[in-house]
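An overview of the molecular structure
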Amino acid sequence: MKWSIHPLSAILIIVSALFGCQHNNDVANVISSRILNKPACKQFTKSGEYKITEIMSAVEYSFDMKTGILYVKHINAGFNCAPEVIYCYVQQSDKSLIFTEREKSQGVKCQCLYDLEIEVKGVKADKYRIEFVEPHIGNQEKLIFYVDLIAAPTGKYIVSRTEYPWSGGTVEPAP
């Protein structure tokens, strides 16, 4: 049996081979995250060199270059007093790491502060914009900051908060 290829088919095969399969040596960075601790409602905490009070929200981070694991502690994250389950999903978008915090339910009519210890695997040593999407932030300053995990693999970022539940206490504010 003799094979023959039509000239137009041959051109299409060559063009497909040259342009159809673009090889990208930069494989998409796949990250995964999980909360390491069982967060509990609290009043205040001391962390590191700074006293983090109930009118602040803070992030402490530590990056292990060998394993590609970023450890993040979100101090004074605001959630419902009875959230059933607290979630934190981390997504990478270009040079941003977006931490989206959620709760399964709002079991009661009050909010309080929690410390979340988050592990993010698959992070490359690089510069990032870090953003936290918080469920009860309202119009307060957002946790958005920049890190250089090569030059400074550990660090802190703190914002002041004045609205409930950061204003102190764990009961619903009076109407």
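Scope of this entry: the structure provided in the associated data block.

So, how was this worked out
What you see as residue numbers is a count from 1 along each chain, following the sequence as written. With the structure being a predicted model, the display of local features is reserved for residues of pLDDT at least 70 and the display and counting of side-chain atom pairs for 80 or more, all residues being used for whole-chain, interface and lining totals. Side-chain measures here rest on the full set of heavy atoms in the structure, leaving out hydrogens and waters. Only runs of H or I of at least four residues qualify as helices and only runs of E of at least two qualify as strands under DSSP, and these elements are numbered from the N terminus. For the purposes of these results, a polar contact is taken to be a pair of N or O atoms within 3.5 Å, where, inside protein, one atom must be able to donate a hydrogen and its partner to accept one; residues adjacent in sequence count only when each atom of the pair is a side-chain atom. Should any heavy atoms of two residues lie within 4.5 Å, those residues are counted as being in contact. Three labels apply to residues, based on accessible area from a 1.4 Å probe with only protein chains included: buried if under 20% of the type maximum, exposed if over 50%, partly exposed otherwise in between. Disulfides are defined as cysteine sulfur pairs within 2.5 Å. Here, a strand pair is defined by DSSP locating no fewer than two bridges between the strands. Axis geometry follows a simple rule: fit a line to the C-alpha atoms, using only the stretch in contact for helices, then measure angles between N-to-C directions, giving values from 0 to 180 degrees. Put simply, two rings from Phe, Tyr or Trp (the six-membered ring, in Trp's case) pair if the centres are within 6.5 Å, and we call them stacked under 30 degrees between planes, edge-to-face over 60, tilted for the rest. Remark: a charge is flagged as sitting over a ring if the NZ atom of Lys or the CZ atom of Arg is within 6 Å of the ring centre and within 35 degrees of the ring normal. Only buried Ala, Val, Leu, Ile, Met, Phe, Trp, Tyr and Cys residues count toward a nonpolar core, and they belong to the same one when joined by side-chain atoms within 4.5 Å.

Following the sequence through the fold, Asn80 ends up in strand S5 (residues 69-80). From its side chain, Asn80 meets the backbone nitrogen of Ala82 in a polar contact 2.8 Å long. For Asn80, the residues in contact, after removing those within four places along its chain, are Glu103, Ser105, Gln106, Gly107, Val108, Cys110, Gln111, Cys112, Tyr114 and His136.

What follows is about the environment of Phe99. Within the secondary structure layout, Phe99 lies in strand S7 (residues 96-103). Assessed through its relative accessible area of 0%, Phe99 is described here as buried. Taking the C-alpha atoms as reference, Phe99 lies 6.0 Å from Val133; in sequence the two are 34 residues apart. What Phe99 contacts, discounting residues up to four positions off in sequence, is Val72, Cys88, Tyr89, Val90, Ile118, Val120, Ile130, Glu131, Phe132 and Val133.

Under the definition given, this model contains 2 disulfides. Here Cys41 engages in a disulfide with Cys112; their sulfurs sit 2.0 Å apart. Linking Cys41 in the loop between strand S1 (32-35) and strand S2 (45-47) with Cys112 in strand S8 (residues 111-121), this pair joins segments that are 71 residues apart in sequence. The partner cysteine of Cys81 in its disulfide is Cys110, sulfur to sulfur 2.2 Å.

Attention now moves to the sheet that holds S5. With antiparallel pairing, 5 strands are arranged side by side in an open sheet as S1-S8-S5-S4-S11. Strands at the two margins of the open sheet, each flanked by one partner only, are S1 and strand S11 (154-160). Averaged over neighbouring strand pairs, the angle between their axes works out to 20 degrees when direction is ignored. Across 4 bridges, the pairing between S1 and S8 is antiparallel. Within S8, the position partnered with Ile35 by the bridge is Ile118.

The geometry of two aromatic rings is summed up by the distance between their centres and the angle between their planes. Per the stated rule, a full pass over the model turns up 4 aromatic pairs. Summarising the aromatic geometry, the rings of Phe79 and Tyr114 are spaced 5.8 Å apart at their centres and angled 75 degrees between planes, so their arrangement reads as edge-to-face. In this pair, Phe79 sits in strand S5 while Tyr114 sits in strand S8, placing the two residues 35 residues apart along the sequence. For the pair Phe79 and Tyr114, one class covers both residues: buried. Arranged with centres 4.6 Å apart and planes meeting at 15 degrees, the rings of Phe99 and Phe132 form a pair that is stacked. Taken together, the residues span a long stretch of sequence, with Phe99 in strand S7 and Phe132 in strand S9 (residues 127-133) at a distance of 33 residues. Here Phe132 falls in the buried class, since its relative accessible area comes to 2%. The ring of Trp166 carries Arg161 above its face, with NZ or CZ at 4.8 Å from the centroid.

So, about the nonpolar core. Ranked by size, the top nonpolar core spans 27 residues in total, and within it Leu70, Phe99, Ile118 and Phe132 carry the most contacts. Where this core is concerned, the elements lending two or more residues are strand S4 (56-64), S5, strand S6 (86-93), S7, S8, S9 and strand S10 (144-148). Considering every element that reaches this core, the biggest residue donor is S8, with 5 residues.

Reading across from one edge, S6-S7-S9-S10 is the order of the 4 strands in this open sheet, with mixed pairing throughout. At either margin of the open sheet sits one strand with a lone partner, and together these are S6 and S10. Pairs of neighbouring strands in the sheet enclose a mean axial angle of 20 degrees, with direction left out of account. Two elements, S6 and S7, share 8 bridges in a ladder whose sense is antiparallel. Residue pairing for S7: Ile86 is matched across the bridge by Glu103.

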